[in-house]
Amino acid sequence: MLHECKFKPFGSGLSGLGFDRKILGKEGFHVHHQVLDDGETPQGLYRHVGSQLFHQHFAGQVVDVIDGHGVRSADAMGAGSSEGQGAILMPFDFLEGIEQPVGRLDLQEMDQHSVIKPLVKWSRRVENPERIPAVIHEAMLRASSGKPGPVYVEVPADILGVEVEEQFINWGKKLEPAPPSASPESVRQLVDLLAAAERPIIIAGSGVFFARAGDELQKFVELSGVPCFTAAMGKGCLPDTHPLCYGPGLAIRPGAALAGITQSDCVLLCGTRVNLFYAHGRLFNPQAKIIHVNLDPEETDRNRPADLALIADCRSALSQLAAEARGRLNPDQFSGWRQSLDQAQALSLEAFKPASHSDKVPIHPARLMKELNEFLAPEDALVIDGGDTSVWMNMA
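A brief structural summary. (Residues numbered from 1 in each chain as written. Predicted model: local features only at pLDDT ≥ 70, side-chain atom pairs only at ≥ 80, totals over all residues. Heavy atoms only, no water.)

Considering the overall build of the protein chain
Broken down by element type, the protein chain carries 15 helices and 13 strands. By residue count, 49% of the 396 residues in the protein chain fall in the buried class. Considering only contacts in the protein chain between residues 6 or more positions apart, those separated by 24 or more positions represent 68%. Element-wise, carbon and sulfur atoms account for 53% of the exposed surface of the protein chain, whose accessible area totals about 18,800 Å². (Helix = DSSP H or I, 4+ residues; strand = E, 2+ residues; numbered from the N terminus. Buried < 20%, exposed > 50% of the residue type's maximum accessible area, 1.4 Å probe, protein only. Contact = heavy atoms within 4.5 Å. Areas by Shrake-Rupley, 256 points an atom, 1.4 Å probe, with all protein chains shown as cover.)

Looking at helix α12 (residues 335–351)
For α12, with 17 residues, the first-to-last C-alpha span of 24 Å sits near the 24 Å given by 1.5 Å per residue. Trp337, Arg338 and Leu341 are the residues of α12 that are buried. End-on, the buried residues of α12 take up no more than an arc of 95°, which puts them together on one face. Exposed residues on α12 whose side chains face more than 90 degrees from its buried face are Gln343, Leu347 and Ala351. Buried positions along α12 lie against β8 (200–204), β10 (245–248) and α10 (257–263). (Expected span 1.5 Å × (residues − 1). Arc of directions from axis to C-beta.)

Remarks on the packing of aromatic side chains
Under the criterion given, the structure shown has three aromatic pairs. Between phenylalanine 229 and tyrosine 246, the ring centres sit 5.9 Å apart and the planes meet at 40°, which makes this aromatic pair tilted. Taken together, the residues span a long stretch of sequence, with phenylalanine 229 in strand β9 (residues 228–230) and tyrosine 246 in strand β10 at a distance of 17 residues. Taking the relative accessible area as the measure of exposure, tyrosine 246 reaches 4% and is therefore buried. (Phe/Tyr/Trp six-rings, centres within 6.5 Å; stacked < 30°, edge-to-face > 60°.)

Focus on the packing of helix α7 (residues 184–196) against helix α11 (residues 314–325)
Remark: α7 packs on α11, axes separated minimally by 10 Å, with the N-to-C direction vectors making an angle of 60°. One element, α7, and the other, α11, form an angle in the oblique class. Crossing of α7 over α11 shows right-handed handedness. From α7, Val187, Arg188, Leu190 and Val191 reach across to α11, where they touch Gln320, Leu321, Glu324 and Ala325. (Axes fitted to C-alpha atoms, helices over the stretch in contact; angles between N-to-C directions. Parallel < 35°, antiparallel > 145°, perpendicular 65-115°, else oblique. Left-handed = near helix turned anticlockwise from the far one by under 90°.)

A short note on the sheet that holds β9
Reading across from one edge, β10-β9-β8-β11-β12-β13 is the order of the six strands in this open sheet, with parallel pairing throughout. Lying at the two open borders of the sheet, with one neighbouring strand each, are β10 and β13 (308–311). Strand-to-strand twist of the sheet, defined as the mean angle between neighbouring strand axes without regard to direction, takes the value 15°. Bridge count between β8 and β9: three bridges; the pairing is parallel. In the sheet register, isoleucine 202 faces β9, and the bridge partner there is cysteine 228. (Pairing = 2+ DSSP bridges.)

Section: the pairing of β13
Every second residue of β13 is oriented toward a common face, the buried set being Leu308 and Leu310 and the non-buried set Ala309 and Ile311. Taken together, the four bridges between strand β12 (residues 289–294) and β13 define a ladder with parallel strand orientation. Note that in β13 the partner of asparagine 294 across the bridge is isoleucine 311.

Quick notes on the pattern of salt bridges
Per the stated rule, a full pass over the model turns up 17 salt bridges. With its nearest N and O atoms 2.7 Å apart, the salt bridge here joins lysine 235 to aspartate 240. A residue is classified by how much of its surface remains accessible, and lysine 235, at 27% relative accessible area, is partly exposed. The salt bridge involving glutamate 374 is made with lysine 370; its shortest N-O contact spans 3.2 Å. Of this pair, glutamate 374 and lysine 370 both sit in helix α14 (residues 365–375), four residues apart, which is roughly one turn of the helix. Exposure remark for glutamate 374: the relative accessible area of 55% places this residue in the exposed category. Each of Asp359, Arg367, Lys370, Glu371 and Glu374 takes part in one network of salt bridges that share partners. (Salt bridge = Lys/Arg side-chain N within 4 Å of Asp/Glu carboxyl O.)

Some details on the nonpolar core
Core analysis: the biggest nonpolar cluster contains 37 residues, and Leu190, Ile202, Val208, Leu217, Phe220 and Val293 have the highest contact counts within it. Residue assignment for this core shows that the elements contributing at least two residues are α7, β8, α9 (214–224), β11 (266–270), β12, β13 and α11. At six residues, α11 tops the list of elements feeding residues into this core. Non-local contacts of phenylalanine 220, meaning those with residues more than four positions away in its chain, are made with Leu194, Ile202, Leu268, Leu318, Leu321, Ala322 and Ala325. Of all hydrophobic cores here, the second largest spans 17 residues; its members include Ala257, Val267, Val274 and Tyr278. (Core = buried A, V, L, I, M, F, W, Y, C linked by side-chain atoms within 4.5 Å.)

Considerations on the packing of α9 against α11
Orientation of α9 relative to α11, taken along the N-to-C sense of each, is 25°, at an axis distance of 9 Å. By the angle class used here, α9 and α11 are roughly parallel. Helix-helix and strand crossings are classified by hand; for α9 and α11 the assignment is left-handed. Touching Glu216, Leu217, Lys219, Phe220 and Leu223 of α9 are Arg315, Leu318, Ser319, Leu321, Ala322 and Ala325, all from α11. A class-by-class count of the residues in the contact of α9 with α11 yields seven nonpolar, one polar and three charged. (Nonpolar A, V, L, I, M, F, W, Y, C, P; charged D, E, K, R; others polar.)

What about the state of the cysteines?
Scanning the model with the defined rule gives zero disulfides in all. This cysteine, cysteine 270, is not joined by any disulfide, and cysteine 314 carries the nearest cysteine sulfur, 3.8 Å off. (Disulfide = S-S within 2.5 Å.)

Focus: the side chain of serine 224
Structurally, serine 224 is set in helix α9. Judged by relative accessible area, which is 0%, serine 224 ranks as buried. Within the local environment of serine 224, its side chain forms a polar contact with the backbone oxygen of phenylalanine 220, the two atoms lying 2.8 Å apart. Serine 224 has contacts with Leu329, Asn330, Pro331 and Phe334, leaving out every residue within four places of it along the chain. (Polar contact = N/O pair within 3.5 Å; in protein donor to acceptor, adjacent residues only side chain to side chain.)

What follows is the structure, encoded as structure tokens:
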């Protein structure tokens, strides 16, 4: 699948040889040129005419292709890595300074590579122009393999501007990592735990979203009959209108989340983490079995050690679980548990009505969310800030 991406040629031999189309095109981008025709750009150097930041969806993750002044991408990099999974951020900084600008009072005199290296999954400073294509292919592979994360490629302007004969260029090749699947034995063990449970729940998080596993999640939920909550960017992976979706898994939110989290005897965390929203694991029933499906093994023992962990891509794992659950799990076996959650949700929403229906000034956030919920159509999108704002907006 091709994705559009704008790319500024720098007057170098690499661009003239179709470097951008041969490399970014192989990685799934359709390239548009924005030509710099200011009449003043010297050969081999690039005079800044404004940076470009383009967010593109690439294989389910976000890729940022950045050019312009060096480390200006730091805030975007933080956004890409804040969840610790999922989003891929790839900042390509085409620097204006020469390779060794120390003492020349250039724009990029700081050692950017050393500053950024601890913040990213992998970083590389290209010092041989003929290796630029191969390094970009490696960067894409590093960013998208295993636990996805941000990578950093630094290309100094004096390197980018060198004329290189095509015969000497190492074009490299695109390598696509296969999403890791769970072992068949761990899949069987997970279904065994669900079959033995009386009050199981699923909490689907950002890992489901980035794996584009919404269809697989819905299929597994419908086959198993296990009630599902969502977290972070997992909201919407199973539609809020689905009868087995009980909304965001925030205990402080009106709804069934508090009852589900504290009463469940088996919690399947799919692409999400045990963090402060679950009181670092203390909200879960002490006797509950905790199951993780996550690409990152570090998350499986964070705060509340897992009884079972599937180190796998959410899409692959959910597909495996659906196949294993067929004939082994009966959705009707959890009908009493779902009725209990329905009652808890109704009682919670009723108790919250004084706030959500309040006419007081200034307006209560719950009243604003109620009005938004009634006004918005299914195809509408909300752009929200973080913190408490995101908690309130989860009610819309």
